[in-house]
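Residue-level structure breakdown
So you can see what is in the structure, the chains are spelled out below.
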Amino acid sequence: MSYPYQIKSLADYHEAYKKSVEAPEQFWAEIAENFSWHRKWDQVLNWNFDTPKVEWFKGGQLNITENCLDRHAATQPDAPAIIWEPNDPLEAHRTLSYKELLQKVEQFAHVLKNKGAQKGDRICIYMPMVPELAIAVLACARIGAIHSVVFGGFSSQSISDRINDAQCNIVVTADGAYRGNKNIPLKSIIDDALVTCPSVQHVIVLTRTGIPVSMIKNRDAWWEDEIKKVEEMGNPSFPAVSMDAEDMLFILYTSGSTGKPKGVVHTCAGYMIWTHYTFVNVFQYQPGQVHFCTADIGWITGHSYIIYGPLSAGATSLMFEGIPTWPDAGRFWDIVQKHQVNILYTAPTAIRSLMGFGTAPLENKNLSSLKVLGTVGEPINVEAWHWYDEQVGKKQCPIVDTWWQTETGGTMISNMAGVTPAKPSFATLPMPGVQPLLVDENGKEIIGNGVSGNLCIRFPWPGILRTTYGDHERCRQTYFSTYEHLYFTGDGCLRDEDGNYRITGRVDDVLNVSGHRIGTAEVENAINMHTGVVESAVVGYPHDIKGQGIYAFVIFNGMHTDEAHTRQDIMQTVARVIGAIAKPDKIQFVSGLPKTRSGKIMRRILRKIAEGELSHLGDTTTLLDPAVVEEIKMGRL
Ligand code: WTA
């Protein structure tokens, strides 16, 4: 496949950018012409950020899986679509060509249909990182069902909240998952979740680990048995269902400032074009290259840059089931060498954690296939950037620092590998179609360079979220009401003298722990469920590997057998309510929290204490009880 819209030089970039701002409709229509449509659109863009309403390619009809599968199966049937590397290096890897992947997606589309799935249904997917996860996602898209993938690290409670919010009728899962030396009982976690999910009628269970599971009559079925039924039907093809450009493609839940995660909604055409365009340009993908994105498909990065972006480009996408440090800290490098990986896209957390093992795991590993490196999910510190550049890229590979969000669908601000300049710890320049601006507290635009403020976007791009599932008003309030007529990202940002953007981190109550978004309110709600906890306040603090750690201040009036034990109980409660990823790193017991006279917790003060900035707490005179601050400072962990 060729990519006529692939930007080849800095001058190309400036030209494309200018056109995307001056004539956005023409710009995106020309790109959209390169995809397969059942019917062309009536109108390229219709939008209003106040409602908000954004429609791209309205009236157009298509199916994203034809763009990701059929057209490549026709032109390059034997090209590898997915290379799958298992958790355990002793297990054989698998390669699925475009032809095979299409066949498997069609088979599973039949399975879903046999279970009664229809266009518009919501289907929850809770699976390990195996090819069948990608197959299930694409099969949903093929029949027009809306997938809601839930990351394998979430608890039963989190899953049932998500299933109930979207009213899913089918769940696709596996018996268990391997992660390093752990064996996670996925089906059993789903069984606990489903006790409170009356909407679910069918559960399809893939065999992965072989641990015993309970299969409920008339509800649960084995993946393999259902596939056999389709084979007995003679493996008929499954014509892709025609979708409106603005029909929902998927829901992905993400954390915000309030306690309840919100279901970010992306639609078919705009998301497809955005992930494709950014994939091809940011990584400068060349046909035949192997792209290895280490994210989990449970997060947006996996949706956009393991599945939809690469497959829409006819690329080879490497999918890895395991973790970077098992069986040893050389696992990534072994994979790069074994599969001749050309593009490696990972998180700063992973880089920092591998840095901790020194350079020994890299010795004798042939990384010469690497051409491009990328990072995503959190700010990368300059030290980690240089380590990545020197030890992994051997100073031969451009590093792209891609800033984006679940809500933006794909990369928004990033350099383009080898085409636009990189600057360590800077995401640098906006993609064509992205119009960023910085605003002050009052929403006034901050003009000029060498400035910082809150990052907003003033014009829609094709991959912008359309709504939050079942609650459009929440979408408006969260993203479009803080600043008039603007999309607010929740991130703080600075713009250097040359106009390069550097994301400095969240300015709302969202933590970024190991690149995972976690709301402080969510963690507080979970802690408060523990018997004996009166109240809690959670803030982030700088953490060498995770980027941010979770620091919880807890008022406890239950019986302590001993504090360490109570801490463990609270951790267990959080793991049970949200998942292990949200466990606090530190829990400090306090007798009170710093509050204003109106009862609002002064998080600013707690944040400073957690960061260890004890002498710069700012004005504490407005506090109800200033003495409590002294006590908290004394007890700091
Ligand atoms: C942060 C992940 C600095 C940011 C794709 C954003 C980053 C949040 C970068 C979204 C980056 C993501 N540099 N910060 N290159 N990329 N972030 O929704 O705070 O899981 O708002 O999407 O991650 O996280 P999410």
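For clarity, every value in this text was computed on a predicted model and none was experimentally measured. (Residues numbered from 1 in each chain as written. Predicted model: local features only at pLDDT ≥ 70, side-chain atom pairs only at ≥ 80, totals over all residues. Heavy atoms only, no water.)

Moving on: helix α15 (residues 520-528). The buried count for α15 comes to seven of nine residues, which makes it a mostly enclosed element. By the burial criterion, the buried members of α15 are Thr520, Ala521, Glu522, Val523, Glu524, Ala526 and Ile527. The inward-facing, buried residues of α15 contact β26 (510-513), β27 (516-519), β28 (533-543), β29 (547-556), α16 (563-577) and α17 (603-611). (Buried < 20%, exposed > 50% of the residue type's maximum accessible area, 1.4 Å probe, protein only. Helix = DSSP H or I, 4+ residues; strand = E, 2+ residues; numbered from the N terminus. Contact = heavy atoms within 4.5 Å.)

Accessible area lost during the coming together of the parts is what is often quoted as the interface size. For the protein, the assigned domains read domain 1 (10-52 + 59-64 + 271-506), domain 2 (66-72 + 96-241) and domain 3 (516-634). If you average the C-alpha positions of domain 1 and of domain 3, the two centres end up 33 Å apart. The partner domain 3 presents seven residues to the nine residues of domain 1 that form the contact. When domain 1 packs against domain 3, close to 600 Å² is buried across both sides, 48% of that on carbon and sulfur atoms. (Domains from an automatic or database assignment. Buried area = accessible area lost by both parts, 1.4 Å probe.)

Turning our attention to the nonpolar core. In this structure, Phe57, Phe108 and Leu112 are the most contacted members of the largest nonpolar core, which totals 174 residues. The contacts of Leu112, once residues within four sequence positions are left out, are Ala117, Ile123, Ala139, Cys140, Ile143, Ile170, Val172 and Ile204. Grouped together as the second largest cluster of nonpolar side chains are 27 residues, Val290, Val336, Leu362 and Trp385 included. (Core = buried A, V, L, I, M, F, W, Y, C linked by side-chain atoms within 4.5 Å.)

Further remarks concern unusual backbone geometry. Trans is the prevailing form of peptide bonds, just as negative phi is the prevailing case for residues other than glycine. Along the chain, Thr51 connects to Pro52 via a cis peptide bond; the corresponding omega equals -15°. Take Pro52: it is sitting in the loop between β1 (43-48) and β2 (53-58). The linkage connecting Trp326 with the following residue, Pro327, adopts the cis geometry, with an omega of -5°. Not every positive phi belongs to a glycine, and Gln167 is a case in point at roughly 50°. Considering the arrangement of structural elements, one finds Gln167 in the loop between α6 (156-166) and β8 (170-174).

What follows covers the pairing of strand β24 (residues 487-495). Regular strands place side chains that alternate from one sheet face to the opposite one. Across the nine residues that make up β24, a large majority, eight, are buried. The sheet contact formed by strand β22 (residues 451-457) and β24 spans six bridges and is antiparallel. When the sheet's bridge partners are listed, Cys456 is paired in β24 with Phe488. As judged from the five bridges shared by β24 and strand β25 (residues 501-506), these two strands associate in the antiparallel manner. (Pairing = 2+ DSSP bridges.)

Inspection of every chain in the model, using the stated rule, returns 35 salt bridges. With its nearest N and O atoms 3.7 Å apart, the salt bridge here joins Glu22 to Lys18. On the criterion of helical spacing, the pair formed by Glu22 and Lys18 is a turn pair, its members being four residues apart in helix α1 (residues 10-22). Note that Glu226 is salt-bridged to Lys115, the shortest N-O span being 3.7 Å. One end of the pair, Glu226, is in helix α8 (residues 223-232); the other, Lys115, is in the loop between α4 (98-114) and β6 (122-126), and 111 residues separate them in sequence. (Salt bridge = Lys/Arg side-chain N within 4 Å of Asp/Glu carboxyl O.)

At their nearest, the axes of helix α5 (residues 131-143) and helix α10 (residues 300-312) sit 11 Å apart, and the two run at 65° to each other. For the pair α5 and α10, the sense of crossing is right-handed. Two secondary-structure elements touch here, α5 through Ala134, Val137, Leu138 and Ala141 and α10 through Ile307, Tyr308 and Leu311. In the contact of α5 with α10, the residues fall into seven nonpolar, no polar and no charged. (Axes fitted to C-alpha atoms, helices over the stretch in contact; angles between N-to-C directions. Left-handed = near helix turned anticlockwise from the far one by under 90°. Nonpolar A, V, L, I, M, F, W, Y, C, P; charged D, E, K, R; others polar.)

Turning next to the packing of aromatic side chains. Enumeration according to the criterion identifies 38 aromatic pairs in this entry. Each ring, one from Phe292 and one from Phe320, has its centre 6.3 Å from the other, and the planes form 85°; the classification is edge-to-face. One end of the pair, Phe292, is in strand β16 (residues 290-293); the other, Phe320, is in strand β17 (residues 316-320), with 28 residues separating them in the sequence. Residue class for Phe320 comes out buried when judged on its relative accessible area of 5%. A centroid spacing of 5.5 Å and a plane angle of 75° characterise the contact between Trp461 and Tyr487, whose relative ring orientation is edge-to-face. Placement of Trp461 in the loop between β22 and β23 (467-468) and of Tyr487 in strand β24 is noted, with a sequence separation of 26 residues between them. The same class applies to Trp461 and to Tyr487, which are both buried. Each member of the aromatic cluster is reached from another via a ring pair, and the members are Tyr5, Phe27, Trp28, Trp37, Trp41, Trp56, Phe57, Trp274 and Tyr277. The ring of Phe154 carries Arg162 above its face, with NZ or CZ at 4.3 Å from the centroid. Of note, Lys423 hangs over the ring of Phe426, and the distance from its end group to the ring centre comes to 4.3 Å. (Phe/Tyr/Trp six-rings, centres within 6.5 Å; stacked < 30°, edge-to-face > 60°. Lys NZ or Arg CZ within 6 Å of the ring centre and 35° of its normal.)

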